[in-house]
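Here are the chains, one letter per residue:
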Amino acid sequence: MTRSIRPLVAGNWKMNGLKADLAIATEVARGYDAALKAAVDLAICPPATLLFPASAALIGSRIATGGQDCSVQPSGAFTGEVSAAMLADAGAAFCIVGHSERRTLHGEGNATVRAKAEAARKALLVPIICVGETREEREAGKALAVVRKQLKGSVPEGLDAASLVIAYEPVWAIGTGLTPTADDVAEMHASIRWDLARIVGKAAAAGVRLLYGGSVKPSNAAELMNVANVDGALVGGASLKAEEFLAIARACAG
Ligand code: PGA
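Please read all numbers here as calculations on a predicted model, not as lab measurements. (Residues numbered from 1 in each chain as written. Predicted model: local features only at pLDDT ≥ 70, side-chain atom pairs only at ≥ 80, totals over all residues. Heavy atoms only, no water.)

**Things to note about the layout of surface pockets**
Of the voids in this model, the largest pocket is the one considered here, and its volume is about 560 Å³. Surrounding the largest pocket, 22 residues form its lining, Lys14, Met15, Gln68, Asp69 and Arg102 being those nearest its centre. Among the elements of the structure, helix H3 (48-57) and helix H5 (100-105) are those that each provide at least two residues to the lining of the largest pocket. (1 Å grid on protein atoms, 1.4 Å probe; cavity = no way out; pocket = protein on both sides within 12 Å on 5 of 7 lines; lining within 4 Å. Points joined across faces, edges and corners; volume = space filled by probe spheres on them. Helix = DSSP H or I, 4+ residues; strand = E, 2+ residues; numbered from the N terminus.)

**A short note on the site of the ligand**
As a structural note, the neighbourhood of the ligand is formed by 13 residues, with Lys14, His99, Glu169, Gly175 and Ser215 the closest of them. Between the ligand and Gly236, the relevant distance is 2.8 Å, taken from an oxygen atom to a main-chain nitrogen or oxygen of the residue. If the ligand stood free it would expose 290 Å²; the protein chains cover 97% of that surface. Taken together, the residues that form the shell around the ligand break down as four nonpolar, seven polar and two charged. (Near = heavy atom within 4 Å. Polar contact = N/O pair within 3.5 Å; in protein donor to acceptor, adjacent residues only side chain to side chain. Areas by Shrake-Rupley, 256 points an atom, 1.4 Å probe, with all protein chains shown as cover. Nonpolar A, V, L, I, M, F, W, Y, C, P; charged D, E, K, R; others polar.)

**Considerations on helix H1 (residues 22-31)**
Those residues of H1 that fall on the buried side of the exposure criterion are Leu22, Ile24, Ala25, Val28 and Gly31. Contacts from the buried residues of H1 go to helix H2 (34-39), strand E2 (41-45), H3 and helix H12 (242-253). (Buried < 20%, exposed > 50% of the residue type's maximum accessible area, 1.4 Å probe, protein only. Contact = heavy atoms within 4.5 Å.)

**Points about the packing of helix H11 (residues 218-225) against H12**
The N-to-C vectors of H11 and H12 enclose an angle of 25 degrees; their axes lie 8 Å apart at closest approach. Comparing their axes, H12 and H11 come out roughly parallel. Relative to H12, the crossing made by H11 is right-handed. In this structure, H11 contributes Pro218, Ala221, Ala222 and Met225 to the contact, and H12 contributes Glu244, Ala247, Ile248, Ala251 and Cys252. Grouping the constituent residues of the contact of H11 with H12 by class yields eight nonpolar, no polar and one charged. (Axes fitted to C-alpha atoms, helices over the stretch in contact; angles between N-to-C directions. Parallel < 35°, antiparallel > 145°, perpendicular 65-115°, else oblique. Left-handed = near helix turned anticlockwise from the far one by under 90°.)

Listed below in structure tokens is the structure:
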């Protein structure tokens, strides 16, 4: 944790959730009590089809919503794409960009991720830019260098601390139940904050929320959230269970 930074726990529902699953969001809202509200921000990133009803269901809860991806284009003949302005219009405050599933399964490189982050900013969304190394890259001792390159290529210059969130998600930790050691997370997050200073300036970098993501569960959240420079979590699987998501939020609240 960074004492001066208000943490954020964001749930990434991925391609999960039908209308009936809005009950998960309302259950999270019920459990977001005064003590939690005082300590931690929450966001839920449902699939695009549920963004509007989820945002409506969460009005008054102080829980934000976010998209999971956006088009680099503002509008036009791009069948199947969803623009950042559409996400904002549906109630989103955030947009995840550069998730490893997008980078790997959809071939998105750093330049595309950066363009998406810029498109999100234009629509006044806060991009949650994801970075992270593969298992092979970590084993080859290249994790810090790989993430440095991703940051350099994916993060737009000139953003202030409130307009940017970074999520460090080691690819090999996503959905696998594996997590890096606290020492490895500390080393990576310190390196990310250092690298960010070169992109957005030292003052902004000092205030940017650096989330850890990859198999965050109630059982490991306290340990991961206690690591220096970890200012919250990006949660996949466990965000689909209200009680688990709330337990992670409580761990983050300390
Ligand atoms: P996981 O996913 O928590 O299920 O590992 C994290 C993510 O992909 O954001």
